[in-house]
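# Residue-level structural notes
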Amino acid sequence: AGMLLDALQEGALALAFQSVLRTDGAVLYHEALLRHAAPGTQDVFNLTQSIRALERTGGAARLEQCVVWTCVQLLRTHPDQRLGCNVSAMSLRDTAWWRLLLDHLAHHPQVAGRLVLEIKETSGVPASAETFELLARLQGCGARIAIDDMGAGHSTLEFLARSQADVVKMDRNLVVHALHSPAPADMLRKLVAACSVLCPCVVVED
């Protein structure tokens, strides 16, 4: 976790962008993913494991805030783009940073309307009313909310329903298992059907 924060401060991390597509091939938005900035530096430390370690220390909010703010700045300079970025549900608190972001989005609706916040439930602790109030305020500014990794970890239909998310993304492992066995395939179909009732857009990761 310490090495990850050092790399962030030193500018040794960069964002890569992955397309999130509709069934007709149109791009919904591009998801920002953290990567090592220079080729060959991935051997210094494992990025995925380091992010999980940072989450366990409770320090993930700092990293997420950097990514969100970077995406906001990119949206200001690239008015033709829609960008998404990951935020842990545990980081959704009415802190000064979120209030600053809300104020910025309120004054730049053309940016807010192209920002997608992908929420990950990384803890078994139930989300508070404060969490859903903050999500509603973000949507009120024009930002869209996506629930990431549905069907894995602690993501639940209850969280999806209470968040009133605009997009829900099925966990990739559900698709992998569905390709090899009828039971997981049936479970995936039922989960997609249930999510479709609660959310206008369901994305299945390949």
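Everything in this summary refers to the structure shown in the same document. (Residues numbered from 1 in each chain as written. Predicted model: local features only at pLDDT ≥ 70, side-chain atom pairs only at ≥ 80, totals over all residues. Heavy atoms only, no water.)

A few words on the packing of aromatic side chains. Overall, the coordinates contain two aromatic pairs when judged by the stated rule. Ring plane angle 85 degrees and centroid distance 4.9 Å describe the contact between Trp97 and Trp98, whose orientation is recorded as edge-to-face. On the basis of relative accessible area, Trp98 is assigned to the buried category, the value being 2%. Residues Phe132 and Phe159 carry aromatic rings whose centres are separated by 5.3 Å and whose planes lie at 50 degrees to one another, so their mutual orientation is tilted. Separated by 27 residues along the polypeptide, Phe132 in helix α6 (residues 129-140) and Phe159 in helix α7 (residues 157-163) bring together distant segments of the chain. Grouping residues by exposure puts Phe132 and Phe159 together as buried. (Phe/Tyr/Trp six-rings, centres within 6.5 Å; stacked < 30°, edge-to-face > 60°. Buried < 20%, exposed > 50% of the residue type's maximum accessible area, 1.4 Å probe, protein only. Helix = DSSP H or I, 4+ residues; strand = E, 2+ residues; numbered from the N terminus.)

Read across the open sheet, the seven strands follow the order β1-β2-β3-β4-β5-β6-β7; overall the sheet is mixed. Edge positions in the sheet fall to β1 (13-21) and β7 (202-204), since each has one partner strand and no second. Strand-to-strand twist of the sheet, defined as the mean angle between neighbouring strand axes without regard to direction, takes the value 30 degrees. Looking at chain direction, strand β2 (residues 27-36) and strand β3 (residues 83-88) are connected through two bridges and run parallel. Note on β3: the bridge partner recorded for Glu31 is Gly84. The strands touched by helix α9 (residues 182-198) are β5 (144-150), β6 (167-170) and β7; relative to β6, the strand with the most contacts, the crossing angle is about 170 degrees. (Pairing = 2+ DSSP bridges. Axes fitted to C-alpha atoms, helices over the stretch in contact; angles between N-to-C directions. Contact = heavy atoms within 4.5 Å.)

Roughly 1000 Å³ of volume is contained in the largest pocket. Around the largest pocket, the lining is made up of 33 residues, and of these Ile51, Asn86, Lys120, Asp148 and Asp149 lie nearest the centre. Contributions of two or more residues to the lining of the largest pocket are made by β1, β2, α2 (47-57), α3 (60-77), β3, β5 and α8 (172-178). Residues belonging to the lining of the largest pocket are distributed by class as follows: 11 nonpolar, nine polar and 13 charged. The calculated volume of the second largest pocket comes to roughly 360 Å³. The set of elements that each furnish at least two residues to the lining of the second largest pocket consists of β1 and β7. With four residues, the single largest contributor to the lining of the second largest pocket is β1. (1 Å grid on protein atoms, 1.4 Å probe; cavity = no way out; pocket = protein on both sides within 12 Å on 5 of 7 lines; lining within 4 Å. Points joined across faces, edges and corners; volume = space filled by probe spheres on them. Nonpolar A, V, L, I, M, F, W, Y, C, P; charged D, E, K, R; others polar.)

Turning our eyes to something else, we now look at α2. Every buried residue belonging to α2 is among Leu47, Ser50, Ala53 and Leu54, and all of these are buried. For α2, the buried positions fall inside an angular range of 120 degrees around the axis, keeping them on one side. For α2, exposure combined with an orientation more than 90 degrees from the buried face picks out Gln49, Arg52 and Arg56. Next to the buried residues of α2 lie α1 (2-9), β1, β2 and α3. The opening residue of α2, the one whose side-chain oxygen lies 3.1 Å from the backbone nitrogen of Thr48, is Asn46. In the segment just after α2, Gly58 is the residue with positive phi, at about 85 degrees. (Arc of directions from axis to C-beta. Polar contact = N/O pair within 3.5 Å; in protein donor to acceptor, adjacent residues only side chain to side chain.)

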